[in-house]
Amino acid sequence: LSLGHMYRDGDGVRRNEFEAVAWYRLAADQDNNTRAKSIAQFSLGSMYHNGNLYYRSSDPNAILQNFSLASLWYELAVRNGLSEAKINQGVNNKH
């Protein structure tokens, strides 16, 4: 999860949204039902909801906006107990 945040933000590593998604996905796919898992699912929802938020050019390391995938990940985060994801899920579903 922490590596996902680092790659998303470029904190100590070169910013790379694909790497961030890969690390979030690894954390989100864990069998346990921890807060870290739901935060990873929420983070994936945010990545897909915002898409290429920071770079508006043709950045090969950017994630494209995808409201369907965002909704899926927000829903999983809500199911796994992250109530904060309900707000983002509602905003996302307006698209």
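Residues numbered from 1 in each chain as written. Predicted model: local features only at pLDDT ≥ 70, side-chain atom pairs only at ≥ 80, totals over all residues. Heavy atoms only, no water.

### Observations regarding the environment of L82
With respect to the helices and strands, the residue L82 is situated in the loop between α4 (67-79) and α5 (85-92). Overall, the relative accessible area of 3% leaves L82 in the buried class. In sequence terms L82 and K37 are 45 residues apart; their C-alpha atoms lie 9.6 Å from each other. Once residues within four sequence positions are removed from consideration, L82 is found in contact with R35, S38, I39, F42 and A77. (Helix = DSSP H or I, 4+ residues; strand = E, 2+ residues; numbered from the N terminus. Buried < 20%, exposed > 50% of the residue type's maximum accessible area, 1.4 Å probe, protein only. Contact = heavy atoms within 4.5 Å.)

### Some details on the environment of D9
Following the sequence through the fold, D9 ends up in helix α1 (residues 2-9). Between the alpha carbons of D9 and A20 there is a distance of 8.8 Å; along the sequence they are eleven residues apart.

### Notes on the packing of aromatic side chains
Across all of its chains, the model carries one aromatic pair by this definition. Ring plane angle 45° and centroid distance 5.7 Å describe the contact between F42 and Y74, whose orientation is recorded as tilted. Residue F42 is found in helix α3 (residues 35-50), and its partner Y74 is found in helix α4; the two are separated by 32 residues along the sequence. (Phe/Tyr/Trp six-rings, centres within 6.5 Å; stacked < 30°, edge-to-face > 60°.)

### So, the packing of α3 against α4
Across the interface, α3 lies against α4 with an axial gap of 7 Å and an inter-helix angle of 160°. As far as their axial angle goes, α4 and α3 are roughly antiparallel. Where α3 crosses over α4, the handedness of that crossing is left-handed. Every residue of α4 that contacts α3 at S38, Q41, F42, L44, G45, S46, Y48 and H49 is listed here: F67, L69, A70, W73, Y74, L76 and A77. The class makeup of the residues in the contact of α3 with α4 is ten nonpolar, five polar and no charged. (Axes fitted to C-alpha atoms, helices over the stretch in contact; angles between N-to-C directions. Parallel < 35°, antiparallel > 145°, perpendicular 65-115°, else oblique. Left-handed = near helix turned anticlockwise from the far one by under 90°. Nonpolar A, V, L, I, M, F, W, Y, C, P; charged D, E, K, R; others polar.)

### Concerning the confidence of the model for the protein
Looking at the protein, the pLDDT average stands at 85 and 81% of residues meet or exceed 70. The weakest mean pLDDT in the protein belongs to α5 at 70; the strongest belongs to α1 at 94. (pLDDT = per-residue confidence, 0-100.)

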